[in-house]
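Fold and contact review
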Amino acid sequence: LQASEDLTKIASVQSNVVIDNPENLSLLKVEIEGIETGSLMMNGERQMFENRILTIRKESLLDLPRNPYTKQTEKFWLYFLKPSQFIQSDNKKIIDIANKTTDPADPPLIKAQKIVKWINANIEKRPVISLPDAISTVENKAGDCNEHAVLMAALSRAAGIPAKIESGLVYLNGRFYYHAWNLLYLGRWVTVDPLFGQIPADVTHIRFSSGDPKEQLDLMGIIGKVKLKVIEYK
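Let me sum up the structure you'll find in this document. (Residues numbered from 1 in each chain as written. Predicted model: local features only at pLDDT ≥ 70, side-chain atom pairs only at ≥ 80, totals over all residues. Heavy atoms only, no water.)

Topic: the overall build of the chain
- For the chain, the count of helices and strands is five helices and eleven strands.
- Taken over the C-alpha trace, the chain has a radius of gyration of 17 Å; the compact-globule value for 234 residues is 17 Å, and the two agree within 12%.
- With the C-alpha coordinates aligned to their principal axes, the bounding extent of the chain is approximately 45 × 40 × 30 Å.
- In the chain, buried positions account for 52% of the 234 residues.
- Taking contacts inside the chain between residues at least 6 apart in sequence as the whole, the part at least 24 apart equals 68%.
- Accessible surface, the chain as shown: approximately 11500 Å² in total, 53% of it carbon and sulfur.
- Averaging the locations of the 29 positively and 28 negatively charged side chains of the chain gives two centres separated by 3 Å. (Helix = DSSP H or I, 4+ residues; strand = E, 2+ residues; numbered from the N terminus. Rg over C-alpha atoms; globule rule 2.2 N^0.38 Å. Buried < 20%, exposed > 50% of the residue type's maximum accessible area, 1.4 Å probe, protein only. Contact = heavy atoms within 4.5 Å. Areas by Shrake-Rupley, 256 points an atom, 1.4 Å probe, with all protein chains shown as cover. Lys, Arg positive; Asp, Glu negative; His and termini not counted. Charge placed at Lys NZ, Arg CZ, Asp CG, Glu CD.)

And the structure:
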């Protein structure tokens, strides 16, 4: 575990400012240098990237529709209801947990909150040496951010909520660490961090990739190269 923690710190990025209570921020602006950003998911949803400046605005949970999943909107979310190699949302164990944890009558936001609460109560936060997948995480009852994210995606999809996995950097105690979290379609896409228990996730979550776990491989080429300067936060 100590070696894993040391490696995590080596791969992290020193912050030029100390941010107190990042969960209370509504906006973060950072200047990003040292990497090619063309293949990364820097723009979209709550992020805007222009001239090396990334602006992240916290999403609002107000006015979310009770039933956002219509024929008119399904092009935005249909693919992210399907099971995949690591997100086994069609597995009986996953379906059973989703059914016991949520009520079909719940609005999507309430379902998401119940799933996050279940994960925090049942999955121990510690590193696991394996490729993260939802079934193994349920069986091992432990995992780091990657396991939490694949399990959140699987349980959300099983409960009828379209879900992606996002990865990038997140601020913690003076540094930005590599991290994984989720994006759920709740009538609009909203960031969710099951490890931190945040809906929406705070604005220090800097997304570089989005989709399924395989997209996280895009980060391998930038680890150790990112230069980051916080220029505004409020």
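Structure shown, so let's carry the discussion forward.
With respect to the side chain of T191
- Position of T191 among the secondary structure elements: in strand β9 (residues 189-192).
- For T191, a relative accessible area of 2% corresponds to the buried category.
- Setting aside its immediate chain neighbours within four residues, T191 contacts R46, E59, E166, W181, N182, L183, Q198, I199, P200 and A201.

What to know about the packing of helix α2 (residues 92-101) against helix α5 (residues 145-158)
- As a packed pair, α2 and α5 sit with axes 8 Å apart at the nearest point and diverge in direction by 70 degrees. In this view, α2 runs roughly perpendicular relative to α5, as classed from their interaxial angle. Of the two elements, α2 crosses α5, and the hand of that crossing is right-handed. Seen from α2, the contacting residues are I94, I95, I97 and A98; seen from α5, they are L151, A154, L155 and A158.
- Looking at the contact of α2 with α5, its residues break down into eight nonpolar, no polar and no charged. (Axes fitted to C-alpha atoms, helices over the stretch in contact; angles between N-to-C directions. Parallel < 35°, antiparallel > 145°, perpendicular 65-115°, else oblique. Left-handed = near helix turned anticlockwise from the far one by under 90°. Nonpolar A, V, L, I, M, F, W, Y, C, P; charged D, E, K, R; others polar.)

Brief notes about the packing of helix α3 (residues 108-122) against α5
- In contact at an axis separation of 10 Å, α3 and α5 are set at 140 degrees when each is read in the N-to-C sense. Viewed along their axes, α3 and α5 adopt a mutual orientation that is oblique. Handedness of the α3/α5 crossing: right-handed. Within the contact between the two elements, α3 uses A112, I115, V116, W118 and I119 and α5 uses H148, L151, M152, L155 and S156.
- A class-by-class count of the residues in the contact of α3 with α5 yields eight nonpolar, two polar and no charged.

Remarks on α3
- Here α3 contains 15 residues, and its C-alpha end-to-end distance of 21 Å stays within 8% of the 21 Å for a straight helix at 1.5 Å per residue.
- Taken together, the buried positions of α3 are occupied by P108, L109, K111, A112, I115, V116 and I119. Looking straight down α3, one finds its buried side chains confined to an arc of 160 degrees; they lie on one side. Facing away from the buried side of α3 by more than 90 degrees, the exposed set consists of K117 and A121. (Expected span 1.5 Å × (residues − 1). Arc of directions from axis to C-beta.)

Examining the sheet that holds strand β2 (residues 27-33)
- What the four strands build is an open sheet, ordered β3-β4-β2-β11; its pairing is antiparallel. With partners counted over all chains shown, the strands left at the sheet margins are β3 (47-50) and β11 (227-233), one partner each. Taking the axes of each pair of neighbouring strands and ignoring which way they run, one obtains an average angle of 20 degrees across the sheet. (Pairing = 2+ DSSP bridges.)

Some details on the nonpolar core
- Of all hydrophobic cores here, the largest spans 33 residues; its most connected members are I94, L151, M152, L155 and L184.
- Looking at this core, the elements that each hand over two or more residues are α2, α3, α4 (134-140), α5, β7 (163-172), β8 (175-185) and β9.
- Per-element accounting of this core gives the leading share, eight residues, to α5.
- Not counting the four nearest positions on each side in its chain, I94 is found in contact with Q88, S89, A134, I135, V138, L151, A154, L155 and A158.
- By size, the runner-up hydrophobic cluster in this structure holds 25 residues, among which are I35, L40, F49 and V226. (Core = buried A, V, L, I, M, F, W, Y, C linked by side-chain atoms within 4.5 Å.)

Quick word on α5
- Look at α5: 20 Å from first C-alpha to last across 14 residues, which is about the 20 Å you get at 1.5 Å a residue.
- Judged by how many residues are buried, α5 sits mostly within the fold: twelve of 14 residues are covered.
- Those residues of α5 lying buried are C145, E147, H148, A149, V150, L151, M152, A153, A154, L155, S156 and R157.
- G160 sits one or two positions beyond α5 and adopts a positive phi of about 90 degrees.

These values are about where atoms sit, not about what they do.
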